[in-house]
Amino acid sequence: MLFSLVATSFSLVPSNGAHSKDQRKADSTAVVSFRPDTSFGSEQLTEPVGIAVDTRGTVFVADGMAGRIYGYPDKGGYIEFENPQSTSSIYPIDITLQGSLIYVLDYTGNRILRYDYRGMYLDVLISFDRAGGGHPVSVTSMGDGRIIATDIENHSLIIWSSLGSINLEISEFGKSRASLNSPRKAIVLDDGTIVVVDPQSREMKFFSPAGRFEFAASPVGNENVFVTPRYLSYNHNGYIFVADSGAGKVFVFDSRGRYISKIDSFRSGSIEPSAVAAGWNDRLYVTDLNSSSILIYDIRYRQE
């Protein structure tokens, strides 16, 4: 099965009068398709809930229920990460990359564990109990040493510096469009815009780099609605991907929150996507709770 979308041209000029990198890409008319390629990991995975992909094509997965972390090199095979020496079990619910380092969110220990790319445990990057930073449910590297963490209990999004101090906190509970009642996953776009998905409001919320609320976005049409959106990813061509396990779909948006299309199956079978990662090799990696595996889709572009 082939999933297709058409991104029509539009114009958006920032306040400085110049187009950002991802906005220039979105201005062109492109036909994009998602072709199911292959799947793997079902022999090891139980509850894959977090995913990250490095520039070499290695896929890293957090398996929550099993308490394990896996790396799947592009050439095949897999590695199982070490458990921290201080504990016999962890509950990894998210994973992100910072250069050649892998950061894992251990929900039980309320901390970020740091590993090298071979799966060797190094240390605790941040202990949220000690730092007074709540109880995060997701972590995302900003690529410059900073980390974004979302916290459902405290209705907040916090950006942590590489030294473990708070750079920015966005926190609001209520009925306004800016509220973060149940923030699940956050990402940063090329221009610094912060995007977070909130299952309670069933929207993506867009904030400026300084934390100012800009707008909210969601799919359009009776057949295309968020149910439990839980994970976000962003690729180099300016598309945002939202994994919605309740809807059984990966929704696709442009960088301005305009709904584009959806992926709702893999080789004609239904899916239950829990996480999604866009690779630099124009591939989309989806953790699927239905098959307890990683699904790969080829992203194909052509200009019209």
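None of the values given here were measured: they were computed from a predicted structure. (Residues numbered from 1 in each chain as written. Predicted model: local features only at pLDDT ≥ 70, side-chain atom pairs only at ≥ 80, totals over all residues. Heavy atoms only, no water.)

1. Structural notes on the packing of aromatic side chains
Thought 1: As enumerated under the stated definition, the model contains 16 aromatic pairs in all.
Thought 2: Here the aromatic rings of Phe60 and Phe81 are separated by 6.1 Å at their centres, their planes lie at 75°, and the arrangement is edge-to-face. Taken as a pair, Phe60 in strand 4 (residues 59-63) and Phe81 in the loop between strand 6 (79-80) and strand 7 (92-98) lie far apart in primary sequence, 21 residues in all. Neither residue differs from the other here; Phe60 and Phe81 are each classed as buried.
Thought 3: In this structure, Arg56 packs its charged tip against the face of Tyr117, placed 5.3 Å from the ring centre.
Thought 4: In this structure, Arg118 packs its charged tip against the face of Tyr117, placed 6.0 Å from the ring centre. (Phe/Tyr/Trp six-rings, centres within 6.5 Å; stacked < 30°, edge-to-face > 60°. Helix = DSSP H or I, 4+ residues; strand = E, 2+ residues; numbered from the N terminus. Buried < 20%, exposed > 50% of the residue type's maximum accessible area, 1.4 Å probe, protein only. Lys NZ or Arg CZ within 6 Å of the ring centre and 35° of its normal.)

2. Regarding the pattern of salt bridges
Thought 1: Scanning the entire structure with this criterion turns up 13 salt bridges.
Thought 2: For the salt bridge of Asp106 with Arg111, the shortest nitrogen-to-oxygen distance reads 3.1 Å.
Thought 3: On the basis of relative accessible area, Asp106 is assigned to the buried category, the value being 1%.
Thought 4: Taken together, the salt bridges that share partners define one network made up of Asp37, Arg283 and Asp298. (Salt bridge = Lys/Arg side-chain N within 4 Å of Asp/Glu carboxyl O.)

3. Regarding the sheet that holds strand 18 (residues 213-217)
Thought 1: Spatially, four strands are ordered 15-16-17-18 in an open sheet, and the strand pairing comes out antiparallel. Strands with a single pairing partner mark the edges of an open sheet, and in this sheet they are strand 15 (185-188) and strand 18. Adjacent strand axes in the sheet meet at a mean angle of 20° when their direction is disregarded.
Thought 2: Here strand 17 (residues 203-207) runs beside strand 18; their pairing, made up of four bridges, is antiparallel. From the neighbouring strand, Phe207 faces strand 18, where its bridge partner is Phe213. (Pairing = 2+ DSSP bridges. Axes fitted to C-alpha atoms, helices over the stretch in contact; angles between N-to-C directions.)

4. As for the pairing of strand 12 (residues 147-151)
Thought 1: Summarising burial for strand 12: five of the five residues are buried, a large majority.
Thought 2: With burial as the criterion, each face of strand 12 is covered, one bearing Ile147, Ala149 and Asp151 and the other bearing Ile148 and Thr150.
Thought 3: Where strand 11 (residues 138-141) lies against strand 12, four bridges are found, and the strand directions are antiparallel. Note that in strand 12 the partner of Ser138 across the bridge is Thr150.

5. Here's the deal with unusual backbone geometry
Thought 1: Non-glycine residue Asn110 carries a positive phi angle of around 55°.
Thought 2: Along the chain, the position of Asn110 falls in the loop between strand 8 (101-106) and strand 9 (111-116).
Thought 3: Owing to a relative accessible area of 4%, Asn110 belongs among the buried residues under this scheme.
Thought 4: The phi torsion at Asp282 lies on the positive side, around 55°, for a residue other than glycine.

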